Amino acid sequence: MFNKILIANRGEIAVRVIKTCKRLGIPTVAVYSEADAASLAVEMADEAVFIGPPAPGESYLNMDRILAACEETGADAVHPGFGFLSENAKFPEALAKKNIAWIGPNVYAIQSMGDKLESKKLAAKAGVSTVPGFKGEIEDDQQAVEVADDIGYPVMIKASAGGGGKGMRIARSASEVKDGFKAARNEAKSSFGDDRILIEKFVEKPRHIEIQVLGDKHGNVIHLNERECSIQRRNQKVIEEAPSPFLDKKTRDKMGEQAVALAKAVDYDSAGTVEFIVDPNKNFYFLEMNTRLQVEHPVTELTHDIDLVEQMIRVAAGEELELTQRDVRIKGHAVEARLYAEDPYRGFLPSIGRLERYVEPEQGPMGPGKLRIDSGVREGDEISLFYDPMIAKVIGYGDTREKAIDALADSLDRLHVEGLQANAPFLSAVLDETDFRKGNIHTGYIDEHFPDGFAGTVAREDQLRFMTAAAAFVHTTFVQRATQIAGRLTPAPNAGELHDWVVIMDGHRFAVEMRLPQGAIGEEVPAELWCPALSTGRMALATSWRPGDHLFEGELDGEKFALTFSDRTEGYRLRHRGFAATVLVCTPRTAELHARLPEKEAADTAKLITSPMPGLVMSVNVEVGQEVKAGEALVVVEAMKMENVLRAERDGTVKSIEAGAGDSVAADELLIEFE
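What you see is a predicted model, and the numbers here were worked out from it, not measured in a lab.

(A) Representation of the overall build of the chain within the structure. Secondary structure summary: the chain contains 17 helices and 40 strands in total. Over its C-alpha atoms the chain spans a radius of gyration of 29 Å, differing by no more than 12% from the 26 Å that the globule rule assigns to 675 residues. Expressed as lengths along the three principal axes of its C-alpha atoms, the size of the chain is roughly 85 × 65 × 50 Å. For the chain, with 675 residues in total, the buried portion stands at 53%. Taking all contacts inside the chain whose residues are at least 6 apart in sequence as the whole, residues at least 24 apart take part in 63%. A total accessible area of about 30100 Å² is found for the chain, and carbon and sulfur atoms account for 46% of it. Charged side chains of the chain number 78 positive and 108 negative; the gap between the two group centres comes to 2 Å.

In structure tokens form, the structure reads like this:
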């Protein structure tokens, strides 16, 4: 076994590797950039080495500095995590020259699987199903029809030199092939100067399903079944699960056998993943192989009772796999959601900043299942614009898929983030979708179910009950606390008296009568409330909430629930799953006056260009006094490896420029003003 392992990564995956090393009794070394000097990984590791500025190219992608850190600390092995240098074959080659072990697959496997054309050739040679297609040059529309008939409809007609969607057509019949071939060829010639066309099978509503493989240096390779990763946004995975709710045993076994065959073809000797696209008829086709640990590996670990990081370490140290394929069994179901620092209400723009409040629910048994959270941050940490905006991976596990989803959904209700925006409401909304619950998913699921983006969900009746009860309880608690203030000018109700309220929420007005029993605040004693619009009778609310709590947990008529809670200048902000609202609790007279308040007119911002997110101004493309046309690029703002081009919404003349290239800007900060 190794004497000391250096983790050539950061954030959540660095913490994940350190945890396994601690359990195995192996000392660890963390490397860190300026942005990560006070990170959780640095705190947890036995040693830490500074490797440069925040920009990845000057730190986590700087091979020389990481090699120097190995020599400085005497680390005899490196775990690359995922991303950064994890699939760069030059890195293990450089480590080998210094006699430092690489906790990953051999260089040949990395190189051959990293080349998309080469990997598909190797896959076909190994007997792995690849997307049917005719890769040769097609002479005319008649040959195109013959090729398409042979492949089977629908087919994709696309330019050999294509890109950006040009020279591309989907055809579902021979007549569409004839027309599409001619149009695609003309587009290809005019756009690329190359009219060569290829045709391949088009998979409609595909699922993204991957097989986890594990090999050692003694020729043993097994698979640990599949993960379904079909819930994606902009080709980025959002929710993953194991096993797939779609596969049957026959298809699962066949996919596993092909994944193992491909792994053996490149002498694979670590943890890796073979990715497939699967059509609605369970036909599957090789997509690519990832020669590293995947972000979503926890769902496999939970459903197979295995530590993949430990297996990688043992294999790299030369040990044989203890598991055989006969030993592999699926146990239960796990669903993982990626919690990102992004604002789902503003087109999922990155939301960098400090985690002013970050509270995770307790891991372990939770309601119908159990909970696991893999994170690399703590309350007070900063989500930097230089790296991936992931805050944590939240994983629910249960005996059944339904229980795993419920465990995950319940945990997202209890996970509290303040100081920046997080995508928890959107994740919860997906988990509550009927089609998701039924397993009717595909890679276009989010675009199909949220075609106009995310603006929150419509409140269900149970959510209205939960929020009304919670808000009335909170407000009554505050009012009764006020009775303890000496010298009040007006008397306040005594504890135990009946309170009449009007709860105003999301366009609704609910008359509520509430009575809090005698007892200390924070004791779980049942309160009584009446709300004719939401219940035919008296409702009983039990809760131990007390002022200052960020979470309101309660039981309403025997139904348990949890709401994230924050006290606002006016009202209370509450969220349950995908529904959030600011709730006002008023006396009947105040509610009557509130209804007479005029609607506040929205400010006219048509002449202002503001930053949609915190970030770095990369360039300003206009000058003061310059006339611009609608759609013209004005400013480029970068955050978290994403460049956002801000364009003029209408014709105008630039009056002032408030930021320049290289400036850091906050969300909604003014950049350009028009006359």
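Still to come is the rest of the account.
(B) Representation of the packing of helix α12 (residues 401–414) against helix α13 (residues 424–432) within the structure. Here α12 crosses α13 at 155 degrees, and the two axes come no closer than 10 Å. Judged by the angle between their axes, α12 and α13 are roughly antiparallel. Crossing of α12 over α13 shows left-handed handedness. Where α12 approaches α13, its residues I405, L408, A409 and L412 are matched on the opposing element by L427, S428 and L431. Its residues assigned to classes, the contact of α12 with α13 shows six nonpolar, one polar and no charged.

(C) Region of interest: the sheet that holds strand β25 (residues 498–505). Reading around the barrel, the eight strands line up as β25-β26-β27-β28-β29-β30-β31-β32 and close back on themselves, with antiparallel pairing between neighbours. On average, each strand axis in the sheet is tilted by 35 degrees relative to the strand beside it, whichever way the strands run. Two elements, β25 and strand β32 (residues 579–586), share three bridges in a ladder whose sense is antiparallel. Among the inter-strand pairings, V502 is bridged to a residue of β32, identified as C586. Docked against the sheet, α12 engages β29 (551–556), β30 (559–567) and β31 (572–576), running at close to 30 degrees with respect to β30.

(D) Focus on the nonpolar core. Core analysis: the biggest nonpolar cluster contains 39 residues, and I231, I239, I391 and F436 have the highest contact counts within it. Of all the elements in the fold, those that place two or more residues in this core are β12 (236–242), β15 (333–340), β21 (369–375), β23 (390–398), α12, α13 and α15 (445–449). With six residues, the single largest contributor to this core is α13. Those residues within four positions of I231 in sequence are excluded, and the remaining contacts are Q236, K237, V238, I239, V430, F436, I441, Y445 and I446.

(E) Just the sheet that holds strand β38 (residues 652–657), in detail. Ordered by their spatial adjacency, four strands build an open sheet running β33-β40-β38-β35, and the pairing between neighbours is antiparallel. Two strands close off the open sheet at either side, each with one partner strand: β33 (608–610) and β35 (627–628). Bridge analysis of β33 against strand β40 (residues 670–674) gives three bridges, and the strand direction is antiparallel. Among the inter-strand pairings, T610 is bridged to a residue of β40, identified as L670.

(F) Geometry of helix α7 (residues 141–151). By the burial criterion, the buried members of α7 are D141, A144, V145, V147, A148 and I151. Taken around the axis of α7, the buried residues stretch over an arc of 165 degrees, which confines them to a single face. Where α7 ends, the next residue or the one after it, G152, has phi of about 105 degrees, a positive value.

(G) Examining the pairing of β40 more closely. Both β38 and β40 contribute to a ladder of three bridges, which runs antiparallel. When the sheet's bridge partners are listed, S656 is paired in β40 with E673.

(H) Local environment of the state of the cysteines. Tallying each qualifying case throughout the model produces zero disulfides. A disulfide-free cysteine, C21 has its sulfur positioned 13 Å from the sulfur of C70, the nearest such atom. Look at C21 and you get buried, because its relative accessible area is 0%. Overall, the relative accessible area of 1% leaves C70 in the buried class.

(I) Spatial organisation of the packing of aromatic side chains. The tally for this structure, following the rule as stated, stands at 19 aromatic pairs. The cationic tip of R401 hangs over the ring face of F436; the distance from NZ or CZ to the ring centre is 4.9 Å.

(J) Representation of a negative patch on the surface within the structure. On the surface, a cluster of negative charge is contributed by E137, E139, D140, E146, D149 and D150. You can see E146 is positioned in helix α7.

(K) Local environment of the environment of P53. Within the secondary structure, P53 is located in the loop between β3 (47–52) and α3 (63–73). The residues contacting P53, other than those within four sequence positions of it, are S33, E34, E58, S59 and R65.

Quick notes on the rules
- Residues numbered from 1 in each chain as written.
- Predicted model: local features only at pLDDT ≥ 70, side-chain atom pairs only at ≥ 80, totals over all residues.
- Heavy atoms only, no water.
- Helix = DSSP H or I, 4+ residues; strand = E, 2+ residues; numbered from the N terminus.
- Rg over C-alpha atoms; globule rule 2.2 N^0.38 Å.
- Buried < 20%, exposed > 50% of the residue type's maximum accessible area, 1.4 Å probe, protein only.
- Contact = heavy atoms within 4.5 Å.
- Areas by Shrake-Rupley, 256 points an atom, 1.4 Å probe, with all protein chains shown as cover.
- Lys, Arg positive; Asp, Glu negative; His and termini not counted.
- Charge placed at Lys NZ, Arg CZ, Asp CG, Glu CD.
- Axes fitted to C-alpha atoms, helices over the stretch in contact; angles between N-to-C directions.
- Parallel < 35°, antiparallel > 145°, perpendicular 65-115°, else oblique.
- Left-handed = near helix turned anticlockwise from the far one by under 90°.
- Nonpolar A, V, L, I, M, F, W, Y, C, P; charged D, E, K, R; others polar.
- Pairing = 2+ DSSP bridges.
- Core = buried A, V, L, I, M, F, W, Y, C linked by side-chain atoms within 4.5 Å.
- Arc of directions from axis to C-beta.
- Disulfide = S-S within 2.5 Å.
- Phe/Tyr/Trp six-rings, centres within 6.5 Å; stacked < 30°, edge-to-face > 60°.
- Lys NZ or Arg CZ within 6 Å of the ring centre and 35° of its normal.
- Patch = residues over 30% accessible without salt bridge, like charges linked within 9 Å, V, L, I, M, F, W, Y side chains within 5 Å.
- Salt bridge = Lys/Arg side-chain N within 4 Å of Asp/Glu carboxyl O.

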